[in-house]
Amino acid sequence: MLVKGGNQFALIVIYYVFTVHIMIKFGECDLYMHNIPCQNISVLLYSNQSEAPYLIDTKNLDNLERAPFMKELPIKLIIPGFVSKKEDLLFGALVPAYKNNENYNVMYVSYLNRTKDKCDRSITAKNLSTCIYTELKKIFEVHQIKLKDVHVISASLGVVLAGYMVPLFGKEKLARFTGLDPAVMATFSPCMGFSNTDEYPVSSESAHFVDIYHTNMLFSGYVGLLGHLDVIYSNGRRQEACDDIDLVANFLGSACSHRIVNFYYAESVFSKEGFWGKPCRYIFNPYDENDTRICATDDNEEEILVGESVSHQSRGLYHVITNPTFPYSKGKMFS
């Protein structure tokens, strides 16, 4: 688990800063490309029936039919951000948390094939979302999986991809759509085919319940409210657990504060204390570094539990204060 000051985590973050931010944020398409044809998308299934994940091959009917789904149990569908499986913090945090729970089938979509090729501008986020949809549709049809039993958990660019994917299923709605610090779409232009006029593809219409968690607004995270429930952690821009690391990477933006939300959410799966939030009367101005108000709350206002076990009836904007080290959950602030 992530611990502030840990050498391993520091190395991971430094790696992200000098690869993801330098090569993507500044649009250096010639240096760092993502040639992602549909055949490079893979779907892994995790269950307690096997230690190793099951790689679902939709082109092999026998393999597809043998996929060891636990019948009658809901699906946790994880769509990561712009990193490969081995380096993905969402994968490393969430899969173990869910895999030890016998109540879910856990599916993980791997879509990134890093190459040294030139930027293939024909492969846009919408095209990639269509590829992911095509793979999932085959799996859902063979195993008779209904969207009402599917909870999508996506992070960063994965939120955008999932947002474009959802309408392709038609009128049927997902049970739940969780977005972890949705990426600023302009960060991935022009290589993912975004333009300044594109509307964000996620809203409260994306599922029966949409919950969005913000940790790095304005820098790598989207500025704005998208779901039935939006949650701001700490000040919503930079996380205290990342202070030492982000100070070094300040001129590039905040890799740590953008990705630590993966660990907050994973902790909410098994935490006994839980993450509790107070309602906000307004969203702070993320463009003003001097606006430290975050949001106006009242001690008399009721706290709600957020994260994995949030009530699907929750609505509005909430603010959560975290610990600077693991465990990050503080539990209820006001009894």
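Rules behind the numbers
- Sequence positions are assigned chain by chain, starting from 1 and proceeding in written order.
- The model is predicted, so local features are restricted to residues of pLDDT at least 70 and side-chain atom pairs to those at 80 or more, both for listing and for counting; the totals for chains, interfaces and linings are taken over all residues.
- For side-chain calculations, the full set of non-hydrogen atoms in the structure is used, while hydrogens and water are omitted.
- Buried, partly exposed and exposed residues are distinguished by accessible area as a fraction of the type maximum, computed with a 1.4 Å probe on protein chains only: under 20%, between the cut-offs, and over 50%, respectively.
- Every helix listed is a DSSP run of H or I at least four residues long, and every strand listed is a run of E at least two residues long, numbered separately from the N terminus.
- When DSSP finds two or more bridges between a pair of strands, those strands are recorded as paired.
- In this analysis, axes come from line fits to C-alpha atoms, helices being fitted only over the stretch in contact, and the angle between any two N-to-C directions falls in the range 0 to 180 degrees.
- Contact between two residues is taken to exist if any of their heavy atoms lie within 4.5 Å; hydrogens are not considered.
- Pairing of aromatic side chains here covers Phe, Tyr and the six-membered ring of Trp, requires ring centres within 6.5 Å, and sorts the geometry by plane angle: under 30 degrees stacked, over 60 edge-to-face, intermediate tilted.

(A) Structural view of helix α8 (residues 261–270). Buried residues dominate α8, accounting for nine of its 10 residues. Buried within α8 we find V261, N262, F263, Y264, Y265, A266, E267, S268 and V269.

(B) Structural detail: the sheet that holds strand β2 (residues 42–46). A sheet is described by the order of its strands in space; here 11 strands give the open sequence β3-β2-β5-β4-β7-β8-β9-β10-β13-β11-β12, paired in mixed fashion. Strand pairing shows two members of the sheet lacking a second neighbour, β3 (54–56) and β12 (304–306), which therefore form its edges. With strand direction ignored, the average angle separating the axes of adjacent strands in the sheet is 25 degrees. The pairing of strand β9 (residues 207–214) with strand β10 (residues 229–233) spans four bridges and is parallel. Residue H214 lies in a different strand from β10, and its bridge partner there is I232. Docked against the sheet, helix α5 (residues 157–165) engages β4 (75–79), β7 (150–155) and β8 (174–180), running at close to 140 degrees with respect to β7. Its contacts with the sheet place α8 against β7, β8, β9, β10, β11 (275–279) and β12, and it is angled at close to 135 degrees to β8.

(C) Region of interest: the packing of aromatic side chains. In this structure the tally under the stated criterion is 11 aromatic pairs. Here the aromatic rings of Y200 and Y222 are separated by 4.3 Å at their centres, their planes lie at 45 degrees, and the arrangement is tilted. In this pair, Y200 sits in the loop between β8 and β9 while Y222 sits in the loop between β9 and β10, placing the two residues 22 residues apart along the sequence. Taking relative accessible area as the criterion, Y200 reaches 12% and is therefore assigned buried. Relative to F275, the ring of Y233 has its centre 5.9 Å away and its plane inclined at 85 degrees; by these criteria the two rings are edge-to-face. Of this pair, Y233 sits in strand β10 while F275 is found in strand β11, placing the two residues 42 residues apart along the sequence. Given a relative accessible area of 1%, F275 falls into the buried group.

Interpretation in functional terms is not warranted from these geometric data alone.
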